[in-house]
Amino acid sequence: MSEEQEVVTVVKAPVYLKYNFTAGAAPARFLAQIKKGVLTGQRCPKCSAVYVPPRGSCGGCGVATEEEVVLSNKATVQSFTIVYIPIPNNPIQPPYIIANVVPDGANVSFIHLMSECVNEDVHIGARVEAVWKPKEEWGFAMDNIRYYRPIDEPNVPVDQIGKLSVNGQEG
Amino acid sequence: MKEIAIVGFQQSNSVSDAGAVNEVEMIMPVLSRIFQQVGINNAQDVGFVCSGSCDYLQGAAFAFVAGVDALGAVPPIKESHVEMDAAWALYESILKIRMGHADSALIYGFGKSSPGELPIVMSQQLDPYYLAPLWVDSISLAALQARLMLDQGLITERDMAEVVSQSRRNAMNNPHAQLAGDVAPDDVLAQEMYLSPLRKADICPVSDGASAMIIATVEKAKEWGLPYAIISGIDHCIETHNLGMRDLTDSVSTRTAAKRAGMGAGPVEVAELYAPFSHQEIILSRALGLGDETLINPSGGVLAGNLMMASGLSRIGEVFNRIVSGEVQRGIAHATSGPCLQHNLVTVLEKA
Ligand SMILES: [Zn+2]
């Protein structure tokens, strides 16, 4: 008989795969605008919902979103959470706020950071505005907007969140 | 048991690089064409939806969920997905209808393989302990299979070249084909070896695209007033993942699936076989016992364009097209998955 061998209980098999990733035609148009410092959405030709960032179709109707609309720098907090746990290699120090914000003129929210705020005072319906990085740092990325900060405007009632026009509370 | 019919089929062109489009943008045009063909608005008008795709192809997590954005899924629809070729999504949809949970279904498959190195990506479908960590790519495994056949005298390189030549010539009549042309077997044999004993032409191209199908009970097909073909049988069988335990020169699972699907109950006028490598078409047609009375891969098959996760469904769609056009009355379609024809599905289609 052969010598007794150690039992193999773990096999390490790391996976490395390379891809030339493309965002898609509609997201590419969005990214080209954000590189220029303009936040855009795309409108569904059927139900008029404005998506940001657009992914190519209205998920509700299943049709392509062609029309591009410029959105406001102002937005409304739809929901948020206070993060207390540090993320490895992330320069942001907890506690900080991650919020779903709906820019005025859009009907869906996206996730972004909040800053220049008292964490305990942040609430659903709060009005915020985008703080952009310096122009020379703009790339094809959402973090051209560094974060959102509170502004002194009345709260948006819950049933009106995601329904404001690009002119905000002035209608 | 309820008879089930195919009422519509659409496919995109097979292209080597679909460019900047993402999955939903690739699917939408095909779906809008099939909705138009069947005369419905969107997925709200069918009882069930099932898709086939694989996120590894484009390297985007949850790409299959993005595909749902092409459906018009508000209010919510009954929807499912297989991480397989959409031919298996058809299989799931047939079960759903037979169980009485739906009277019609939309099936679609899509693959954007161009962003990655497809043969390497495919190595990750192998068993995770012994083969996947070796990164054995799909072309190398097929080359081993072809070498076994050549060494045993089961095929010659000329046999393989004839399969390629026939595919290129047939594909000249297929507007969706990626590779077509009047290519003679000698032209193929004149090519240099790519991965011995395979030449580039023995290997299906890397393709981007999508296809879609709508099926229904015969009553529903009649209600819609559409031409249809009956799915008289469908079955699938799989062989062990351990390649060393299989006879790679034969396809037992294809033969068994065909038998169980009832292929032998009538003449096979046309057969669309999912053979990503030239020698595999020979394995499949021998396993199925197909002879001169059967037209094999009149579309050119997947050597003319291989939409991963959609080509199996397209094989079935190609046979459907030939039946509703009156060209043939009965035919079979084959779909495959896994290395060296591991998992095989056979569908028998008949004129209504
Ligand atoms: Zn819509």
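Residues numbered from 1 in each chain as written. Chains lettered and ligands numbered in written order. Predicted model: local features only at pLDDT ≥ 70, side-chain atom pairs only at ≥ 80, totals over all residues. Heavy atoms only, no water.

So, the domain arrangement of chain B
Residues and elements named next belong to chain B. By domain assignment, chain B separates into domain 1 (4–117 + 206–230) and domain 2 (138–202 + 232–351). Taking the mean C-alpha position of each, domain 1 and domain 2 sit 23 Å from one another. Opposite the 41 residues of domain 1 that make contact, domain 2 presents 36 residues. When domain 1 packs against domain 2, the two sides together hide about 2900 Å² of surface, and 65% of this comes from carbon and sulfur. (Domains from an automatic or database assignment. Contact = heavy atoms within 4.5 Å. Buried area = accessible area lost by both parts, 1.4 Å probe.)

A short note on the coordination of the zinc ion
Residues and elements named next belong to chain A. Around the zinc ion, the donor atoms from the protein are C44 (SG), C47 (SG), C58 (SG) and C61 (SG), and they sit 2.3 Å away. Relative to the metal, the four donor atoms surrounding the zinc ion lie at angles of 107 to 112 degrees, and the coordination shape comes out tetrahedral. Linear spacing of the donor residues for the zinc ion on their chain is C-x2-C-x10-C-x2-C. Taken together, the positions of C47 in the loop between β1 (40–43) and β2 (50–51) and C58 in strand β3 (residues 57–58) put the pair 11 residues apart, joining distant regions of the chain. C47 gets classed as partly exposed once you look at its relative accessible area, which sits at 41%. (Donors = N, O, S within 2.8 Å, 3.2 Å for Na, K, Ca; no water. Tetrahedral: all angles 85-135°; square planar, octahedral: opposite > 155°, others 65-115°. Helix = DSSP H or I, 4+ residues; strand = E, 2+ residues; numbered from the N terminus. Buried < 20%, exposed > 50% of the residue type's maximum accessible area, 1.4 Å probe, protein only.)

Notes on the environment of Y148(A)
Residues and elements named next belong to chain A. Considering the arrangement of structural elements, one finds Y148 in strand β10 (residues 145–150). Given the relative accessible area of 0%, Y148 is considered buried. As for Y148 and E116, which are separated by 32 residues in sequence, their C-alpha atoms are 8.2 Å apart. Residues in contact with Y148, not counting those within four places in the same chain, are L39, N73, A75, V101, F110, H112, L113, M114, S115, V128, E129 and A130.

A look at the packing of aromatic side chains
Overall, the coordinates contain four aromatic pairs over all chains when judged by the stated rule. The lysine or arginine in question, K35(A), covers the ring of F140(A), its NZ or CZ lying 5.5 Å from the ring centre. (Phe/Tyr/Trp six-rings, centres within 6.5 Å; stacked < 30°, edge-to-face > 60°. Lys NZ or Arg CZ within 6 Å of the ring centre and 35° of its normal.)

What to know about the interface of chain B and chain A
Opposite the 28 residues of chain B that make contact, chain A presents 26 residues. Between chain B and chain A, roughly 1900 Å² of surface is buried when both sides are summed, and carbon and sulfur atoms account for 55% of that area. Counting across the chain B and chain A interface gives one salt bridge. One salt bridge in this structure joins D69(B) and R55(A), with 2.7 Å as the shortest N-O distance. Taken together, the connections running from chain B to chain A amount to 14 residue pairs in polar contact (both at pLDDT 80 or more). (Salt bridge = Lys/Arg side-chain N within 4 Å of Asp/Glu carboxyl O. Polar contact = N/O pair within 3.5 Å; in protein donor to acceptor, adjacent residues only side chain to side chain.)

A look at the confidence of the model for chain A
Scored by pLDDT, chain A comes out at a mean of 94, with 98% of its residues at no less than 70. Of all secondary-structure elements in chain A, the lowest mean pLDDT belongs to strand β4 (residues 63–64) of chain A, at 94, while strand β9 (residues 127–132) of chain A reaches the highest, 98. (pLDDT = per-residue confidence, 0-100.)

Focus: the packing of helix α6 (residues 138–151) of chain B against helix α11 (residues 278–287) of chain B
Residue and element names in this part refer to chain B. Running from N to C, α6 and α11 cross one another at 60 degrees; their axes reach a closest spacing of 9 Å. When the axis of α6 is compared with that of α11, the two are oblique. Considering how the two elements wind past one another, α6 and α11 form a crossing that is left-handed. Residues A142, Q145, A146 and M149 of α6 lie in contact with α11, whose contacting residues are H279, Q280 and I283. Residue classes in the contact of α6 with α11 are distributed as four nonpolar, three polar and no charged. (Axes fitted to C-alpha atoms, helices over the stretch in contact; angles between N-to-C directions. Parallel < 35°, antiparallel > 145°, perpendicular 65-115°, else oblique. Left-handed = near helix turned anticlockwise from the far one by under 90°. Nonpolar A, V, L, I, M, F, W, Y, C, P; charged D, E, K, R; others polar.)

Topic: the sheet that holds strand β4 (residues 104–112) of chain B
Residue and element names in this part refer to chain B. If you walk across this open sheet you meet the 10 strands as β3-β2-β4-β7-β1-β8-β12-β11-β9-β10, and the pairing is mixed. The open sheet has two edge strands with one neighbour each: β3 (79–82) and β10 (295–296). As paired elements, strand β2 (residues 48–52) and β3 share four bridges and run parallel to each other. Note that in β3 the partner of C50 across the bridge is S80. Packed onto the sheet, helix α1 (residues 23–38) meets β1 (4–11), β4 and β7 (208–217) and runs at close to 130 degrees relative to β1. (Pairing = 2+ DSSP bridges.)

Examining the pairing of β1(B)
Residues and elements named next belong to chain B. Here β1 lies mainly inside the structure; eight of its eight residues are buried. Across seven bridges, the pairing between β1 and β7 is antiparallel. Across the sheet, F9 pairs through a bridge with M213, a residue of β7. As paired strands, β1 and strand β8 (residues 229–238) are joined by three bridges and run antiparallel to one another.

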